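# Structural overview for review
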Amino acid sequence: MQPQRAPISRDELPQDLLARHAADILRSPGMDVERRCIQHGDTTVFQHSVAVTLRCVAIAQALAVPVSERDLVRGALLHDYFLYDWHVPDPSHRLHGFRHPFFARMNAERDFGLTPIQRDMVVHHMFPLVPAPPHCREAWILTLADKCVASHETAHGFALKASRLAGWVGNKVGLAGGGDRA
Ligand SMILES: [Fe+2]
Ligand SMILES: [Fe+2]
């Protein structure tokens, strides 16, 4: 059966669509795991997934292309549903960048079930790092939104580290200066 697609009205707030289509996912124990796991910088996987979902809706609204609204929201929210902290050294976390879409698919199928569009979104969101391109427009929108949001989070993480380092150096210099004067 062909999915029902229509442009998303620009009058809709992305966060309202998130609540309408994915309240069950937002309340799930899996999202509690995502709230405890870091994705980029100091951003949790949960914050990242919500930000990517809202960006997907905003891109679809800006392009005014027909999309399956519910699939777009649910597939985006579940795209990083791998349920572990990939910063923790563990053999099972090796090659995280390449393997996590398949872990996310497996977990999401088990906990919520996936439509063909949602499955395409989750499995192919790491294109072109994983060189298998998406097949549907919702998945293309997700690959774009994910990269925009991830770049911003990573840059913010670097800026945070740099400012902490600058503060640490400033304190050291300040202490050294005090010592010289004494
Ligand atoms: Fe990902
Ligand atoms: Fe992501």
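Residues numbered from 1 in each chain as written. Chains lettered and ligands numbered in written order. Predicted model: local features only at pLDDT ≥ 70, side-chain atom pairs only at ≥ 80, totals over all residues.

Summing up its helical and strand segments, the protein chain has seven helices and two strands in all. With the C-alpha coordinates of the protein chain rotated into their principal frame, the extents come out at 80 × 40 × 30 Å. Residue burial in the protein chain is summarised as follows: out of 182 residues, 34% are buried. (Helix = DSSP H or I, 4+ residues; strand = E, 2+ residues; numbered from the N terminus. Buried ≥ 20, exposed ≤ 12 C-beta atoms within 10 Å, placed from the backbone.)

Turning next to the packing of helix α2 (residues 29–36) against helix α3 (residues 45–63). How two helices pack is summed up by the angle between their axes together with the distance between the axes. The N-to-C vectors of α2 and α3 enclose an angle of 110°; their axes lie 5 Å apart at closest approach. When the axis of α2 is compared with that of α3, the two are roughly perpendicular. Contact residues: α2 offers Met31, Glu34 and Arg35, while α3 offers Val45, Phe46 and Ser49. (Axes fitted to C-alpha atoms, helices over the stretch in contact; angles between N-to-C directions. Parallel < 35°, antiparallel > 145°, perpendicular 65-115°, else oblique. Contact = placed C-beta atoms within 7 Å.)

Attention now goes to α3. Over its 19 residues, α3 extends 27 Å from the first C-alpha to the last, a length consistent with the 27 Å expected when each residue adds 1.5 Å. The element α3 is largely enclosed, with a buried count of 14 among its 19 residues. Following α3 by one or two positions, Ala64 has its phi on the positive side, about 55°. (Expected span 1.5 Å × (residues − 1).)

Axis separation between helix α4 (residues 69–77) and helix α6 (residues 116–124) bottoms out at 9 Å; the angle between their running directions is 35°. The handedness of the crossing between α4 and α6 is right-handed. In this structure, α4 contributes Asp71, Arg74, Gly75 and Ala76 to the contact, and α6 contributes Ile117, Gln118, Met121 and Val122. Each residue belonging to the contact of α4 with α6 can be placed in one class, and the counts come to four nonpolar, two polar and two charged. (Left-handed = near helix turned anticlockwise from the far one by under 90°. Nonpolar A, V, L, I, M, F, W, Y, C, P; charged D, E, K, R; others polar.)

Turning our eyes to something else, we now look at the environment of Gly41. Summarising the element assignment, Gly41 is placed in the loop between β1 (38–40) and β2 (43–44). Here Gly41 falls in the partly exposed class, since 17 other C-beta atoms lie within 10 Å of it. Dropping the residues within four chain positions of it, Gly41 is found in contact with Glu153, Thr154, His156, Gly157 and Leu160.

Within α4, eight of the nine residues are buried, leaving the element largely enclosed by the surrounding structure. Of all the positions in α4, only Glu69, Asp71, Leu72, Val73, Arg74, Gly75, Ala76 and Leu77 are classed as buried.

Taken as a class, soluble globular proteins show a tendency for nonpolar side chains to be buried jointly. Among the nonpolar cores identified, the biggest contains 37 residues, and Cys56, Val57, Ala60, Leu72, Val73, Ala76 and Ala145 are the most heavily contacted of them. Sorting the residues of this core by element identifies α1 (14–26), α3, α4, α5 (96–111), α6 and α7 (137–181) as the ones contributing at least two each. Considering each element in turn, this core owes the most residues, ten residues, to α3. Those residues in contact with Leu72 that sit more than four places away from it in its chain are Cys56, Val57, Ala60, Val67, Glu138 and Ile141. (Core = buried A, V, L, I, M, F, W, Y, C linked by C-beta atoms within 7 Å.)

Now for unusual backbone geometry. Note that the residue after Phe127, namely Pro128, is joined by a cis bond; omega there is 10°. By secondary structure assignment, the location of Pro128 is in the loop between α6 and α7.

Quick look at the confidence of the model for the protein chain now. For the protein chain, per-residue confidence averages 92 on the pLDDT scale, and residues scoring 70 or more make up 96% of the total. Taken together, the stretch residues 177–182 has pLDDT below 50 and engages in zero contacts with residues farther than four places along the chain or on a different chain. (pLDDT = per-residue confidence, 0-100.)

For the rest of this paragraph, the subject is the environment of Arg35. Relative to the helices and strands, Arg35 resides in helix α2. Placed 25 residues apart in sequence, Arg35 and Arg10 show a C-alpha to C-alpha distance of 29 Å. In contact with Arg35, not counting residues within four places along its chain, are Thr44 and Phe46.

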